[in-house]
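One-letter residues, chain by chain:
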Amino acid sequence: PGWTAYNKALDNTPLMTKALTSLVGWAIGDLLAQLFLSKGPFDAKRFINLALFGLTYFGPAGHYFYNFLDAQIPGTNSRIVAIKILVDQLIWTPFFLAIFFAYVGVTKGNSLA
């Protein structure tokens, strides 16, 4: 079990596995942020919204983006990895942050206008 089962799930159902992994990562991240950084009571709505963001957007979008990136720029040597990081930071990150902040705003009741 453990790592072997996870890798098997990645092989058999990569999109679902990455979506669920992202859900867990975002949930743990927000839990820790609220426990150690936030002042005030635990915000269950925020916790659920961020976990759902990981499940429905970050995991699936990351799956497709990074598979596309690896197909367009194959390889793992240090030059190739540096190029992939540059593409990630200049293309993926601004797009991701725009989606993330729009999502957070909408889940707080703000409009997109």
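This text follows the structure it describes.
This one's a predicted model, so the numbers in the text were calculated from it and none came from an experiment. (Residues numbered from 1 in each chain as written. Predicted model: local features only at pLDDT ≥ 70, side-chain atom pairs only at ≥ 80, totals over all residues. Heavy atoms only, no water.)

Asker: With reference to specific residues and values, describe the overall build of the chain.
Answerer: Each helix and strand in the chain was counted, giving 4 helices and 0 strands. For the chain, the succession of helices and strands along the chain, N to C, is α-α-α-α. Structurally, the chain occupies a C-alpha span of about 45 × 40 × 25 Å along its principal axes. Taken across its 113 residues, the chain has 27% of its residues classed as buried. Sequence-distant contacts, at least 24 apart, represent 59% of the contacts inside the chain between residues at least 6 apart. A total of about 7,800 Å² of accessible surface is found on the chain, and carbon and sulfur atoms cover 72% of it. When the 8 basic and 5 acidic side-chain charges of the chain are each reduced to a single mean position, those positions are 3 Å apart. (Helix = DSSP H or I, 4+ residues; strand = E, 2+ residues; numbered from the N terminus. Buried < 20%, exposed > 50% of the residue type's maximum accessible area, 1.4 Å probe, protein only. Contact = heavy atoms within 4.5 Å. Areas by Shrake-Rupley, 256 points an atom, 1.4 Å probe, with all protein chains shown as cover. Lys, Arg positive; Asp, Glu negative; His and termini not counted. Charge placed at Lys NZ, Arg CZ, Asp CG, Glu CD.)

Asker: Go over a nonpolar patch on the surface, please, and point to the residues and values.
Answerer: Residues Val 24, Ile 28, Leu 31, Leu 32, Leu 35, Phe 36, Leu 37 and Phe 42 make up a contiguous nonpolar surface patch of roughly 810 Å² in combined accessible area. Inspection of the secondary structure assignment puts Phe 36 in helix α2 (residues 14–36). (Patch = residues over 30% accessible without salt bridge, like charges linked within 9 Å, V, L, I, M, F, W, Y side chains within 5 Å. Salt bridge = Lys/Arg side-chain N within 4 Å of Asp/Glu carboxyl O.)

Asker: Describe in detail the pattern of salt bridges, supporting the description with residues and values.
Answerer: The full count for this structure, using the stated rule, is 2 salt bridges. Where Arg 46 meets Asp 30, a salt bridge forms, and the shortest distance between an N and an O atom there is 2.6 Å. Of this pair, Arg 46 sits in helix α3 (residues 44–72) while Asp 30 sits in helix α2, and the two are 16 residues apart along the sequence. In this structure Arg 46 comes out as partly exposed when scored by relative accessible area, which is 30%. Taking relative accessible area as the criterion, Asp 30 reaches 4% and is therefore assigned buried. Asp 70 is the salt-bridge partner of Lys 84, the closest N and O atoms lying 2.8 Å from each other. Taken together, the residues span a long stretch of sequence, with Lys 84 in helix α4 (residues 78–107) and Asp 70 in helix α3 at a distance of 14 residues. On the basis of relative accessible area, Lys 84 is assigned to the buried category, the value being 14%. The exposure class assigned to Asp 70 is partly exposed, which follows from its relative accessible area of 41%.

Asker: Explain α4 to me, using residue names and the numbers behind them.
Answerer: In an α-helix, one turn spans 3.6 residues, which is why side chains three or four residues apart end up on the same side. Of all the bends in α4, the greatest, near 40 degrees, is centred on Trp 92, and the proline Pro 94 appears no more than four residues after it. Ile 80, Lys 84, Asp 88, Trp 92, Thr 93, Phe 96, Phe 100, Gly 105 and Thr 107 are the residues of α4 that are buried. Considering only its buried residues, α4 is in contact with α2 and α3. Measuring from the backbone nitrogen of Arg 79 back to the side-chain oxygen at the start of α4 gives 3.0 Å, which picks out Asn 77 as the cap. Gly 109, located one to two residues past α4, shows a positive phi value of around 95 degrees. (Bend = angle between axes of the 7 residues up to and from the residue. Polar contact = N/O pair within 3.5 Å; in protein donor to acceptor, adjacent residues only side chain to side chain.)

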